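Understanding the architecture of this molecule
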Amino acid sequence: SAKSDRRGTFRFFEPAMDVQLQARRVLEVDLRKALAQGEFELFYQPQVNIAQNEITGFEALLRWRHPERGLISPGEFIPIAEDIGLISPLGEWVIAQACADAAIWPRDIKVAVNLSPVQFRNKGLVSSVVTALANSGLGPDRLELEITESVLLQDNESTLAILHQLRGLGVRIALDDFGTGYSSLSYLRSFPFDKIKIDQSFVRELSSRADCLAIVHSITRLGESLGMSTTAEGVETEDQFIQLRAAGCTEVQGYYFARPKSIRELVFSLGHFRPSTEVA
Ligand code: C2E
Ligand code: MG
Ligand code: MG
Ligand code: MG
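What this report covers is the structure whose coordinates are included nearby. (Residues numbered from 1 in each chain as written. Chains lettered and ligands numbered in written order. Predicted model: local features only at pLDDT ≥ 70, side-chain atom pairs only at ≥ 80, totals over all residues. Heavy atoms only, no water.)

1. Description of the coordination of the magnesium ion (ligand 3)
The criterion, for reference: The rule for donors is simple: N, O or S, within 2.8 Å of the metal, or within 3.2 Å if the metal is Na, K or Ca. Water isn't counted, so a site may look like it is missing partners.
For the magnesium ion (ligand 3), the full set of protein donor atoms is Asp176 (OD), Asp177 (OD), Glu233 (OE) and Glu233 (OE), and the range of their distances to it is 2.0 to 2.3 Å. Spacing between the donor residues of the magnesium ion (ligand 3) along the chain follows D-D-x55-E. A separation of 4.1 Å is found between the magnesium ion (ligand 3) and the magnesium ion (ligand 2), both of which receive a donor from Asp176.

2. Digging into the side chain of Thr231
Spelled out, the test is: For the purposes of this entry, the term helix denotes a DSSP run of H or I that reaches at least four residues, the term strand denotes a run of E that reaches at least two, and both are numbered from the N terminus. Distance and chemistry together define a polar contact, namely a pair of N or O atoms within 3.5 Å, with one atom able to donate a hydrogen and the other to accept it when in protein, and with adjacent residues in sequence counting only for side-chain atoms on both sides.
Following the sequence through the fold, Thr231 ends up in strand S8 (residues 229-232). A polar atom in the side chain of Thr231 sits 3.0 Å from the side chain of Glu251.

3. Observations regarding the packing of aromatic side chains
Centre-to-centre distance and the angle between the planes together describe a pair of aromatic rings. Here is the rule we go by: Each aromatic pair joins two rings of Phe, Tyr and Trp (for Trp, the six-membered one) with centres within 6.5 Å, and gets the label stacked for planes under 30 degrees apart, edge-to-face for over 60, and tilted for any other angle. Here, a charge over a ring is recorded when the distance from Lys NZ or Arg CZ to the ring centre is within 6 Å and its angle to the ring normal is within 35 degrees.
The final tally for this structure, using the stated rule, is ten aromatic pairs. Through a chain of ring-to-ring contacts, three or more aromatic side chains come together here, namely Phe40, Trp64, Phe77 and Trp93. The ring of Phe43 has Arg63 sitting right over it, with the charged end atom 5.4 Å from the ring centre. The aromatic ring of Tyr255 is capped on one face by Arg259, whose charged end is 3.9 Å from the ring centroid.

4. Description of the pattern of salt bridges
The test is simple: Throughout this description, the term salt bridge denotes a Lys or Arg side-chain nitrogen within 4 Å of a carboxyl oxygen of Asp or Glu. Burial classification: accessible surface area is computed with a 1.4 Å probe over protein chains only, and a residue below 20% of its type maximum counts as buried, one above 50% as exposed, and the rest as partly exposed.
Across all of its chains, the model carries 14 salt bridges by this definition. In this structure, Glu205 and Arg209 form a salt bridge, with 3.7 Å as the shortest nitrogen-oxygen distance. By relative accessible area, which is 31% here, Glu205 ends up partly exposed. Note on Arg209: relative accessible area 36%, which makes it partly exposed. One connected set of salt bridges, linked through shared partners, spans Arg24, Arg25, Glu28 and Asp83.

5. Observations regarding helix H3 (residues 74-83)
Keep this limit in mind: The arc in question is formed by the directions pointing from the helix axis toward the C-beta atoms. Here, residues are in contact when the closest pair of their heavy atoms is within 4.5 Å.
All of the buried residues in H3 are Phe77, Ile80 and Ala81. Viewed along the axis of H3, the buried residues span an arc of 100°, placing them on a single side of the element. Facing away from the buried side of H3 by over 90 degrees, the exposed positions are Gly75 and Asp83. Where H3 is buried, its residues contact helix H2 (19-34), strand S1 (40-49), strand S2 (54-66), strand S3 (70-72) and helix H4 (87-102). One or two positions beyond H3, positive phi appears at Gly85, with a value near 80°.

Next up, the structure:
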């Protein structure tokens, strides 16, 4: 029976091996096959410009449609992919797919792609962006790459060189989860980001904590004076939205506007979207 088969399998593990570690090994094995088996999908969440009240772009958020476990969120598998050397091929797939998807959206709509710090240690990052733009025909200014402060924490010279090469292609660079790192302000000095994304931890307690409100006000003013736009993440309530608007934030993103959706749902829900003449 399946049950005894399962027991047999478990004999290969050390008895003392932690249950969590066993689960992780199983996931690793599945993850190594997942890309070839086409199990990854991009979900998209809109970013809304407050002044114009318009969608300016979508952030691509990776999902793994596991054959038995269903949808798995990136928080669960990205760290594993980073550990076992899969993040670069996976990240390359994400960039190519996001560019291909965005190429048929209207020309004023951008796509944002998250990059792992590990991708910056791989020589192929810049060329995979070049290839994705060339194959899709997407204008480079419609691709925005999101990096976290942890990217800037590692061997600075080559990381900055890569960021400048990417910028040289004409793509936009956003600083994600701003405010959660150790020395956030110094990162703003190290590279001329196009956008600062205010971490959702500040947005979450906007209504209940005066310090969060003060921090958000400071970040938006800082962005303004540095010529960087600001996007607040994780906006869930009208009250948060009103406070962010009052604080002078450029854009908002969160469940209050829309949850991340599959490309299929996206196309159906945005009936006014016409295929761009860029690819026609
Ligand atoms: P992130 O880039 O900061 O993305 C924002 C996360 O907040 C997403 O979680 C999104 O679904 C979630 N979110 C959006 N609006 C709300 C809201 O109103 N309330 C709450 N509570 N959450 C909201 P998700 O999709 O689970 O992604 C988690 C993280 O995984 C991302 O954080 C990003 O760091 C990473 N990630 C996602 N896709 C990729 C990818 O393709 N490559 C890499 N390297 N990392 C990715
Ligand atoms: Mg992001
Ligand atoms: Mg974020
Ligand atoms: Mg995050």
